[in-house]
Structures are given as C-alpha cells and as structure tokens.
Amino acid sequence: MPEPVLTRRERLVDWLIRGRYVLFPAVLVLLAAAWPASQRLEYDRSIESLYTADDPRLAAYRDSKRLFGGDEFIIVAWTDPELLDEASGKLTPAAEDRIRSFSRRLSEIPGVNPRSTQNLARAMEPKPLPFSIPFFPDQVQLAPDEVHQLLRGILIGDDDQTTAIVLRLLPQGERPVRLGETIRQVRAAAADFERRTGFRTFVVGEPVQVHDMFDYVDDDGTTLFRWSLGLLAGVVLVLFRSPRWVALPLVVVLASVVWTKAVLVLSGARLSMVSSMLNSLVTIIGIATVMHVIVHYRERRRELARREAFRETFVVLLPAVFWTCATTAAGFAALLSSHITPVRSFALMMSLATGMVLAASVLALPGGALIGRFSPDPHDAPGEARLTAFLGRLGAWVLRWPGTIGLVGFAIAAFTGAGLFRLEVETDFSKNFRADSPILRSLTFFETRLGGAGTWEVNFPAPKDLSDEYLGKVRMLADRLRAEIGSGEKQLTKVVAITDPIDAMERHVSETYSVLVSASFRRLPAAQKVRLVQQLQPEFVESLYNPQPGDPDQPGRMRIVLRGREQQQARSKLELIGRVERIVRNWADGELAGDVPNAPDADPEATGLYVLLAFLVQSLLGDQLVSFLLAAAGIWGMLTFAFRSLRVGLISLVPNVFPIVLVVGSLGWIGLPINIATAMIASVSLGLTVDATIHYIAAFRRAQALGLGVDAALIESHRGVGRALVFANLALIVGFSVLTLSHFIPLVYFGILLSVAMLGGLAAALLLLPILLRWAVAGGRRPASGGQ
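The rules behind these values
Numbering of residues begins from 1 in every chain and follows the order in which that chain's sequence is written. For this predicted model, a pLDDT threshold of at least 70 governs which residues receive local features, and a threshold of 80 or more governs which side-chain atom pairs are given and counted, while totals over whole chains, interfaces and linings are taken from all residues. To obtain the side-chain values, all non-hydrogen atoms of the structure were used and water was disregarded. Going along the chain from the N terminus, every DSSP run of H or I of four or more residues is numbered as a helix, and every run of E of two or more is numbered as a strand. Partly exposed residues are those whose accessible area sits between 20% and 50% of the maximum for their type, while under 20% is buried and over 50% is exposed, using a 1.4 Å probe and protein chains only. By definition in these notes, contact holds between two residues if any of their heavy atoms fall within 4.5 Å. Every angle, taken between N-to-C directions, lies between 0 and 180 degrees, and every axis is a line fitted to C-alpha atoms, over only the stretch in contact when it is a helix. Here is the rule for angles: anything less than 35 degrees is roughly parallel, anything more than 145 is roughly antiparallel, 65 through 115 is roughly perpendicular, and the remaining ranges are oblique. In this scheme, a crossing is called left-handed if the near helix is turned counterclockwise away from the far one by less than a right angle; it is called right-handed if the turn is clockwise. Gly is placed with the polar residues, together with every amino acid not listed as nonpolar (Ala, Val, Leu, Ile, Met, Phe, Trp, Tyr, Cys and Pro) or charged (Asp, Glu, Lys and Arg). In this text, buried Ala, Val, Leu, Ile, Met, Phe, Trp, Tyr and Cys residues form a nonpolar core when linked through side-chain atoms within 4.5 Å. By this rule the span expected of a helix is its residue count minus one, scaled by 1.5 Å. Directions from the helix axis toward the C-beta atoms define the arc. Note: two strands are recorded as paired if DSSP finds a minimum of 2 bridges between them. Salt bridge, as used here: a side-chain nitrogen of Lys or Arg that lies within 4 Å of a carboxyl oxygen of Asp or Glu. Pairing of N or O atoms within 3.5 Å defines a polar contact, subject to two protein rules: one partner must be a possible hydrogen donor and the other a possible acceptor, and residues neighboring in sequence count only if both atoms are side-chain atoms.

Novice: Lay out the overall build of the protein with the relevant residues and their values.
Specialist: A count of helices and strands for the protein gives 30 helices and 10 strands. Taking the principal axes of the C-alpha coordinates as reference, the protein spans close to 120 × 50 × 45 Å. For the protein, the residues scored as buried account for 59% of the 788 residues in total. Put simply, of all contacts in the protein between residues at least 6 apart along the chain, 83% involve residues at least 24 apart.

Okay, structure coming up:
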C-alpha cells in the first residue's frame, strides 16, 4: 500500500521528534548561556518616563528643574523632648550640638549638596549684614519665635520638639554615586543617630518614595517569581505526580523569561514600572500552554505508545498553541499605540516574550516528553474523575438553559460595567506601601509632626529687577494660598514665598528698634531686602527666583513652594491642585497682568514631583481605551483568520471581554482606586484570556470532525479542554498567591485581580462560549479547520 501523504504540520512534528536529542539540550544550553545576561537587566527608575514627551505637566516639571535646580530633597526628622529652652525659645546646647554634628555627617554623604543642607541650628545663628544701616548692628538675627514661625512645618514641628534636617541632592548628572547608595547611607546614618540618642529617626522625601517603589518591585519581583515557580511546581506535582512533567513547564517558563531578558539587555533596553509584570505574564502563557499538552498527551497514552501519543498530541495542538501565542502577541502589540515610551517598550517585550514561549514549547517539549524513561507519564489528578463528570454535567446544564445563562451573564456584565463610570485613580503615593514599611512609617511621622510630606510649587513670570510693588503682589498671592491652609485633608499645610523672611525681618525690626530705624529698614530697596534674605537663608532666593531663565526676550521666573499631605484621598488631592491652579491663574490675569513684560507667553504653572505622582496613573490610563479597542480588533482579526469565520471571530471576543468588564467594573463598585499596576489590567487581561477561547473552539471543531453532533461536541470539549483550563487556573492562582506577600501594594492588587480575571475567563469559556458556539453553528456554515 502507498504511504500516506503527510501534511506540513505532521512533517514538522516528525522533525521535532527526531531532533529531540539536539533541540532539548540546546534549550538548556541557551538557557544557561542567557542567564548571566538576563540578570543584568535594570529598571528605568525615572517617573518622568511614564509621561508622554509632550505632556504639559512633564514640560512644566522639566522647566522648573532647569530654572530652580530641581527639588530632590531627603528629609531626616526626629523628636527631641529637650529641643528648645522653655524660657528663651532657643535651642538647648545639647540639642544644638546634636543637630550640628548630625548635619555635618549627613552633608558628607556622596550625592548630597553640602552647601544646601538646612537645619534649625544653622537657621537660628546670627548672620553678617550684607550692607550697612544707620544705628543697626553688624549682624542680623531674628527672634526665636520669628524663626520658629518662618520654619514651622519645615525644620520644626508644631510641638516644638520635632525637628528635621533637609538635604538637597546634587543634580543627577553630578552625583558621584547612584541615588540608591545615597539613600542607603542616609538611612545608615539615621539608624546610627537613633542608636546613639535613643530618638526614633525617620527618613522621607519624594526621591526616597520613588526609590523604594522601584526597589520593592525589583526585589519582590525576583523573589516572588522564584516562590511562585516553587508553588506552581508543587501544584503540578500534586496534580500529575510526575517529576518530569513538573520540570517541563518550569523549563518553558524559565527559558522564555531568561531569553527575553537577555535579548532586552543585548538591545540596551531597560524595564520600567509597567514592565514589572513580565515574569507573571510569561508564567501564565507558558503554564497554560504546557497544561493543554499534558492533559491531551495523557489521554493519548491510554491507547498509544509514548512517541505516537506525543506525536498525535503535538499534531493536534500545535495550531492552537501557535494561534494562542500569535493572538496574545497581537493583543500586547496593540499597546504600541500608546504615547508613553515604557508602555510601548512593554508591548515589544511581551510580544517578544510570547514568541519565546512558542519557541521554548516547540523546542523543549518533544525532548522533555520523550527522552529517557524516568517518570515518563503524568498521572490522573486527585478527584479528576469527579471533575470530568462535573464538567460534563455542567456542559449539559449550560446547553439546557442557554437563555437563562445568557441573560444572567448579560446582567452581570451590565451591572459590573456600570462600575466603570465610578472608577477613581489612586493619587496617594503612600498607598503603594504596606503599613509596616519604613517609608510609610516615615511618611506618617512626617505628616503628623511636620505637616504634609508632598512638596510642590506654583511658578509664574517675574521681572528681571524686583520691585516693592511686584513683591507686594507676590505677598498677596501667598496670602490667598495660605487661605487654603487648614486642618482638613483638602488644604495646604505650608506656603513658602520669597516675601516671608522679608516680612519676618520687618516685624523683628519694628519690635526691636526705634521707629526711625524701622522706617529706614522698610524704605530699603527690594534688591537689598532680597540680599538680606540670602544672608538669613543661603540659597533661599535662588531657589525661588530666577531673573535670567535663558531667553533674554523672556521675563524672569518666580515660584512659591507649597506643601500638601501625601496621605489623602485621590479626589481631595486633585481638587487641591486644581484649586491652587485657579487661584494663581486668576491672580496672574488680574493683579499681575501688564506688570511683567512678555508675561502672557509664560503662563503660571503648578508642578513638582508631588504633582507628577498625583497624575501618574491618569497618564498611564490616557490612551488605554484606544489600546484596548485595538487589542480587541487585533484579536478578532486573528481569530477570524484562524477559524476562517467572521461569526466565530466575533463571538470569541465575548469570553475575553467579559472577565475584563467583571474585574475593572467591580473596582468601581467596591471603591478600589486604580493604581500603577492595575492601570493596564484591561489590555493585559485581554491578551491572556484568549488561550481558553482558542483551545475550546479547536477542541469543539475536532469533536465535530469525528462525527459528533453540536451538543455532544460541546460536552466533549467541556470534559477535555475544561480540565486543562481548571488545572492551569488552579496552578496559576496558587502561584500568584505569593504576590500577596509583596511589600509593594500594587503588585498585591495585580496578583489578586489577574487571578480574578483568569477565573472570569474560565467561567466565560465554560458558561458563555458553548452557547455562542451553538448559535454560530446553527446560524451559519461551520467554519473551516484553520484553528485546528
């Protein structure tokens, strides 16, 4: 008899099986070779990178750094019961000595600008007068109560026992060490100070918050990935009791992750906050792929020898595996529409990683399944017979009550979908950390003892030569902003303007010297008053006023520094920023109008790292709707092509969109704000839940090809693919449970929400997809076999 003509798919599978003794060792060698390079992948720790290049808030932030030198401060604070002498209000000798010695040590840390270090002892010492005033001493010193009032909430707390040292960091390009090393040394010095004095000492500052965020993501991502793989291995071992089939999915996942990271390192790419999900997402794709192979291969082994069983498994499943990876990659590729560079990079990373899963599966599984005789076959899972029977009954029940189930599914989707309109974004950056984390304990101490921990600013046009009239208008704006100071969470806690030390000095002179001297002081030109301020607080003026912004045709620039509470509700923080912006714009359009040449070309702006962090999630969400729609369109197109049916392509979207609506809409109903990690959950989930859809439809088509009727084919798909989906979801959810131990709260939410999305996808595949497939077959020609 003539030999049967083999299809290209069968020839490919035969070639893979024949080459297993070369391909499988090659996978292991490439894995080992890529490992060192993969460990060198670093994070881009820049918050600015999470904004589009043309974002006006990012432009304002960069302009402020250029004009005023940047505001990267680290603040070290503690409570000293013997800080002030009760009678004089001055520092006690012991407290002054502690502050000065500690300040010197902190100023010597690499990365700290020693000229800009602020402490209470330095602020209260006398300063030489930069010019002469008749009958006025050669040195100027404010009264202690004036100093306290001026520096309240900055260097001294309302309790007159809490004090702080403010360290200004060198610009990024001038630092001799990395920011992380500077922060480490500051914390070590603070810990040593606490041991020597017994005073609880806290380190805070927006650079510290951002650094800790990336540190937690980096450290937790690596550690928890290893633990999750361990838990996955444990679950797979319990399910199938075969060390070989425990090792194989881990090899596929590790090879995919390591190869992807090595390629990224060689290409010069870096991970971002968005890319922190790489390990978890690759694990989902890899485990789901191998789980289908395990279940199908085990069924074939009941009748066939190992090689024939694996050959038939790969011939049957290879198209579904290919289209799953291709469709998933297309879903992630839709994120290339984003205007944010890290999101586009994440799209390329995940598309590459999905391709790596396909390559690792195709190259490793034949050799992994067939080489050697130790523990060759997976066993039945505990209770699998009952699970199979349950899935069969579930399929029959679904087909018996399609209208009721469809109506309930629609009602659930409609109800949870309404929650989309109730969504809020998380702007409280402190909510990213656990309550027992060092940074959150420091933030809480600072916000309760020294006012808000969030420093920001409003800047506006200024003349190149300051006048009393202009300073009067600045004073007016500062007073209006101070009207926003209050005990509620929606208020500012501190307003710092260039006129504050001038006003404090005038009060001091009027209370201390004669009327003649006081009048002479008040009549000093604005330039001399500003010079006096510079003597009182070095670098104070240049940090608030820049008369030469770079363009000779443009006016100078001035700013008022504000402080707000970091730990407050998202809506409150955004309302405060918006209210301050309106106050400043109304002031500029009214009092300032016409006072500064060319001022209309430079509108007032509210900016600062506090503002960038407040709008960070909104920035990530900005084009997610477009990306989601493009991903849906891409998945529909890929599935339409795979199954050669517009109708099947359309219905395949339902079980993929349903869990997203369920998860994201529920966030709105339960009042859980969207944070950094969950901002892209919709686009990410859409690319992951497609696995169940493709394998289910392919199994249904194979059952029909064997002569089964529509309902019988659907029930058979329930029993076969349904088991693989249940096993994969069980293993992944247990593995992701370790994310709940993360120090970074968004990773905790990500693990929980992704698990819920996978369960939603499983429910949609088992409850909704059979109804839709029955409708598709009844309503049109059965699609061609492209997806089989």
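Novice: So, the environment of I502: which residues are in play, and what are the values?
Specialist: Its location among the elements puts I502 in helix α17 (residues 499-512). Given a relative accessible area of 4%, I502 falls into the buried group. Distance in space between the C-alpha atoms of I502 and S742 is 49 Å, their sequence separation being 240 residues. Excluding residues that lie within four positions of it along the chain, I502 makes contacts with L471, R475, K529 and V533.

Novice: Can you tell me about the packing of helix α24 (residues 624-643) against helix α28 (residues 690-705), naming the residues and giving the values?
Specialist: How two helices pack is summed up by the angle between their axes together with the distance between the axes. In contact at an axis separation of 12 Å, α24 and α28 are set at 15° when each is read in the N-to-C sense. Taken together, the axes of α24 and α28 lie roughly parallel to each other. The handedness of the crossing between α24 and α28 is right-handed. Of the residues in α28, those in contact with I635, L639 and F643 of α24 are V690, I694, I697, A698 and R701. Residues of the contact of α24 with α28, tallied by class, amount to seven nonpolar, no polar and one charged.

Novice: How would you sum up the nonpolar core? Please name residues and give values.
Specialist: Of all hydrophobic cores here, the largest spans 257 residues; its most connected members are M213, L281, F346, W456, L481 and I560. In terms of residues, this core owes the most to one element, helix α30 (residues 745-779), which gives 17 residues. In this structure, M213 is in contact with I47, M273, F429, F433, I676 and F744, ignoring residues within four places of it in sequence. Membership of the second largest hydrophobic core comes to seven residues, among which are M505, L524, L532 and L536.

Novice: Explain helix α13 (residues 384-400) to me, using residue names and the numbers behind them.
Specialist: For α13, spanning 17 residues, the distance from its first C-alpha to its last is 24 Å, which sits close to the expected 24 Å at 1.5 Å a residue. Restricting attention to buried positions, one finds in α13 the residues E384, L387, T388, L391, G392, L394, G395, V398 and L399. Within α13, the buried residues cover an arc of 160° as seen down the axis, which keeps them to one side. Turned more than 90 degrees off the buried face of α13, the exposed positions are A385, R386, R393 and R400.

Novice: Give me unusual backbone geometry: which residues, what numbers.
Specialist: Backbone geometry at R241 places phi at a positive 50°, although glycine is not the residue there. Mapped onto the elements of the fold, R241 is located in the loop between α8 (206-240) and α9 (243-266). Positive phi, normally seen in glycine, also occurs at R644, with a value near 55°. Classification of R644 as partly exposed rests on a relative accessible area of 43%.

Novice: Can you lay out the packing of helix α11 (residues 306-333) against α28 for me, pointing to particular residues and giving the numbers?
Specialist: The interhelical angle for the contact between α11 and α28, taken along N-to-C directions, is 150°, at an axis separation of 9 Å. The angle between the axes of α11 and α28 places the two elements in the roughly antiparallel class. Remark: the crossing between α11 and α28 carries right-handed chirality. Contacts between α11 and α28 involve V316, L317, A320, V321, W323, T324, T327 and T328 from the first element and V690, D691, I694, H695, A698 and R702 from the second. Of the residues contributing to the contact of α11 with α28, the split by class is eight nonpolar, four polar and two charged.

Novice: Talk me through the sheet that holds strand β1 (residues 73-79); I want residue IDs and the actual numbers.
Specialist: What holds strands together in a sheet is hydrogen bonding between their backbones, with the strands either parallel or antiparallel. Taking strand neighbours across the sheet as the criterion, the three strands line up as β4-β1-β5 in an open arrangement whose pairing is antiparallel. In the strand order of this sheet, the two ends are held by β4 (162-168) and β5 (201-204), each with one partner. On average, each strand axis in the sheet is inclined to that of its neighbour by 20°, with strand direction left out of account. In this sheet, β4 lies alongside β1 in antiparallel orientation, the contact comprising seven bridges. Within the sheet, the bridge partner assigned to I74 lies in β4 and is L167.

Novice: Describe the pattern of salt bridges, with residues and values.
Specialist: Oppositely charged side chains can form a pair if their charged atoms are brought close together. Taken as a whole, this structure holds 35 salt bridges when the rule is applied. A salt bridge links E194 to R200; the nearest nitrogen and oxygen atoms lie 3.9 Å apart. When its relative accessible area of 48% is taken as the criterion, R200 is described as partly exposed. Each member of the salt-bridge network shares a partner with another, and the members are R298, E299, R302, D380, E384 and R723.

Novice: Run through the pairing of β4, naming residues and quoting values.
Specialist: Most of β4 is tucked away, with seven of its seven residues classed as buried. Side chains T162, A164, V166 and R168 of β4 all project onto a buried face; the interleaved residues T163, I165 and L167 project onto the opposite face, where all are buried too.

Novice: Help me get a handle on the side chain of S543, residues and values and all.
Specialist: Relative to the helices and strands, S543 is located in helix α20 (residues 540-544). A relative accessible area of 12% means that S543 is categorised as buried. Separated by 2.7 Å, the side chain of S543 and the backbone oxygen of F540 make a polar contact. In contact with S543, other than residues within four places in its own chain, are F68, R168 and R559.

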